[in-house]
Amino acid sequence: MREKCGIFATASENAAKKAYYALIALQHRGQESAGISVWRHRIRTIAGPGLVQDVFKGPVLAKLKSNLAIAHVRYSTSGSPNEAQPLETECCGRRIAVAHNGTLTNFRLLRREYERRGVRFKHSVDSELLGVSFLWHLRETGDEFEAMKALFDEVKGAYSLAFLFDGRILVARDPVGFRPLSYGTGDGHYFASEDSALRPFVDGVRDVEPGEVFLLDGDSAESKVLAKERHHTCVFEYIYFARPDSTIDGINVYSARVRMGMELARESPAEADVVIAVPDSGRASALGFSMESGVPYAEGLIKNRYIGRTFITPGQFNRELKVKLKLSPVEEVVSGERVVLVDDSIVRGTTMRRIVAMLRRAGAREVHVRIASPPIRYPCYMGVDIPTRHELIAAFGSVEKVREAVGADSLAYLSVEGLMRAVGREDLCLACLAGEYPEWAFRF
């Protein structure tokens, strides 16, 4: 299971520098590559593998002077991991840069169709298709909004996107609103996957509506809602992906996670001496569990903050090594105690197994694992890379089998009903939990 991506766009002074700082704020959404595209008589892009600060070292930003910029941090869910975004492509005599968060479910079908029409693709990643579709329909209609309306009819799946072309920026969120996207104004216009990345620059923030399209041309900004299907925000934004200080579709992520922990304590209490979290992903839910259960909370695991997210690190060997380097138990907190260990999810189970073993070596008398989400049993086709069910420890086994695999004294997950109560909304995409996929994304 892999992370999605993060996008940013702005029409403002010193756009590239603002994009750089916004990407740092979005770094948790993708650590594989980063890039910025600007307009200065033509598109200019600097992108490459690594963290934001690795890609934009030294005087690199000084080469990107412009008032128009789009930017991207990536974990690949399609195509080669070396294809950093924003990516540039051409169609119908125009050039475009594309930054995309999500996955297109009918990518291969549409790509073959455009190849039959004579389009030559330059990249393997599905994001290129968005730029090709837009430019194709722009040639046919001569209007950016009409071109996007045709794109919405044609392209299925999850996509929050930013285009840079012809001295303009276009930003859109798919008609279902799978992936988050926020908009704010200050000394210009700003867009980001999470509103927490916008606060240094803007006076007010709102969510981009599903099916809403913005066109930035010079100092003007125009928006239209062109299509709208039944809303399905990815539930894992609230469980794990988003920063706790972000608000997505009107729901504060931190508050939702605290409520998840409270619901979990009501559903699955444990006789214990201390509640600890897997940092940082389980901290808010662990606090909620402690508040509801009355079992005191303590920092029982310390995180090395110079090690990136285990969950989105390519390669099993790298993931396992990073667990050892990333977390260290506080023996004074856990030794001789009955410990409730709270985390947001279990994917493969290897990380949890190592953490439970680590706590036992530190002297924990009992380890009761509580997970602030339901079991992940199905793949996602809307931007989170779960390619096959056999990778998911909960896909075929019972909760008891998972407990045995991770070595805990007890294990309990939050129920789907408890999760929905905690988030406070019903229009959530629960496909990875329940196996029921939003129909629009597969209406080819």
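Residues numbered from 1 in each chain as written. Predicted model: local features only at pLDDT ≥ 70, side-chain atom pairs only at ≥ 80, totals over all residues. Heavy atoms only, no water.

Draft legend 1. Focus on the packing of aromatic side chains. Per the counting criterion, the structure on display carries 17 aromatic pairs. Ring centres of phenylalanine 8 and phenylalanine 201 lie 6.2 Å apart, and the angle between their planes is 55 degrees; this geometry places the pair in the tilted category. Placement of the pair is phenylalanine 8 in strand β1 (residues 6-11) and phenylalanine 201 in the loop between β10 (189-192) and β11 (202-207), with a sequence separation of 193 residues. Phenylalanine 201 matches phenylalanine 8 in its accessibility class, with the two residues each being buried. Measuring from centroid to centroid gives 4.8 Å for tyrosine 183 and phenylalanine 191, while their planes differ by 25 degrees, and the two rings are stacked. This pair shows no difference in class: tyrosine 183 is buried, exactly as phenylalanine 191 is. Chaining the aromatic ring pairs together yields one cluster made of Phe8, Tyr190 and Phe201. Lying over the aromatic face of tyrosine 114, arginine 117 brings its terminal NZ or CZ to 4.5 Å of the ring centre. The lysine or arginine in question, arginine 139, covers the ring of tryptophan 136, its NZ or CZ lying 4.6 Å from the ring centre. (Phe/Tyr/Trp six-rings, centres within 6.5 Å; stacked < 30°, edge-to-face > 60°. Helix = DSSP H or I, 4+ residues; strand = E, 2+ residues; numbered from the N terminus. Buried < 20%, exposed > 50% of the residue type's maximum accessible area, 1.4 Å probe, protein only. Lys NZ or Arg CZ within 6 Å of the ring centre and 35° of its normal.)

Draft legend 2. Local environment of the sheet that holds strand β7 (residues 160-165). The sheet built from six strands is open, its strands ordered β5-β6-β7-β8-β12-β13 with antiparallel pairing. A single partner strand is all that each edge strand has here, and the edge strands are β5 (87-91) and β13 (220-225). Each strand axis lies, on average, 20 degrees off the axis of its neighbour in the sheet, ignoring direction. Contacts from helix α4 (residues 127-141) reach β5, β6 (94-101), β7 and β8 (168-173), with the element oriented near 135 degrees to β6. Contacts from helix α5 (residues 144-154) reach β7, β8, β12 (212-217) and β13, with the element oriented near 35 degrees to β8. (Pairing = 2+ DSSP bridges. Axes fitted to C-alpha atoms, helices over the stretch in contact; angles between N-to-C directions. Contact = heavy atoms within 4.5 Å.)

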